[in-house]
Amino acid sequence: METLAKIEHYHPVYYSEWFKKRTGKSPQAYILDLRLQEAEHLLLSTRLSISRISEELGFENASSFTRWFVKHKGMAPNKYRFL
């Protein structure tokens, strides 16, 4: 958040409010949505392993990625892949 605010030359609190007014989401929620979209894309369009996808998306390990994905999509990434 601080890095994004610095790029725009705003205070982090102001930047967060400004961003939310324009997108309807907090910067954190927006980034999570982008990560989820990218996860879905990689799962459906590549044969990358779950571990590799988790690395690509910046997760520390495949377990944390899998927990996060289940929380947001309601199913494990390996099941989502075969929809």
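This structure is a prediction, so every number in the text was calculated from the model and none was measured.

Draft legend 1. Structural detail: the packing of aromatic side chains. Applying the stated criterion to the full structure yields 11 aromatic pairs. Their ring planes at 45° and their centres at 5.9 Å tell us that Y15 and F19 sit as a pair that is tilted. Of this pair, Y15 and F19 both sit in helix α2 (residues 12–23), 4 residues apart, which is roughly one turn of that helix. For the pair Y15 and F19, a shared accessibility class is recorded, and that class is buried. Taking the centre distance of 5.0 Å and the plane angle of 45° together, the rings of F59 and W68 count as tilted. Using a relative accessible area of 14% as the deciding quantity, one classes F59 as buried. Judged by its relative accessible area of 12%, W68 falls in the buried class. Through successive ring pairs, a cluster of aromatic residues spans Y10, Y14, Y15, W18, F19 and Y30. Against the face of F59 rests R35, its NZ or CZ located 4.1 Å from the ring centre. It is R35 that lies over the ring of W68; its NZ or CZ is 5.9 Å from the centre.

Draft legend 2. Just the environment of E2, in detail. Tracing the chain through its elements places E2 in helix α1 (residues 2–8). Owing to a relative accessible area of 55%, E2 belongs among the exposed residues under this scheme. Counting along the chain gives 69 residues from E2 to K71, while the straight-line C-alpha distance between them is 26 Å.

Draft legend 3. Structural detail: the environment of Y10. Take Y10: it is sitting in the loop between α1 and α2. Residue classification places Y10 among the partly exposed positions, given a relative accessible area of 30%. Setting aside chain neighbours within four positions, we find Y10 in contact with A5, Y15 and W18.

Draft legend 4. Expanded view of the pattern of salt bridges. Taken as a whole and judged by the stated rule, the model has 4 salt bridges. The shortest N-O distance in the salt bridge between R52 and E56 comes to 2.7 Å. Here R52 pairs with E56, and both are found in helix α4 (residues 50–56), just 4 residues apart, close to one helical turn. Its relative accessible area of 45% is what places E56 among the partly exposed residues. Residues participating in the shared-partner salt-bridge network are R52, E55 and E56.

Conventions we followed
- Residues numbered from 1 in each chain as written.
- Predicted model: local features only at pLDDT ≥ 70, side-chain atom pairs only at ≥ 80, totals over all residues.
- Heavy atoms only, no water.
- Phe/Tyr/Trp six-rings, centres within 6.5 Å; stacked < 30°, edge-to-face > 60°.
- Helix = DSSP H or I, 4+ residues; strand = E, 2+ residues; numbered from the N terminus.
- Buried < 20%, exposed > 50% of the residue type's maximum accessible area, 1.4 Å probe, protein only.
- Lys NZ or Arg CZ within 6 Å of the ring centre and 35° of its normal.
- Contact = heavy atoms within 4.5 Å.
- Salt bridge = Lys/Arg side-chain N within 4 Å of Asp/Glu carboxyl O.

The values reported here are purely geometric and, on their own, carry no functional implication.
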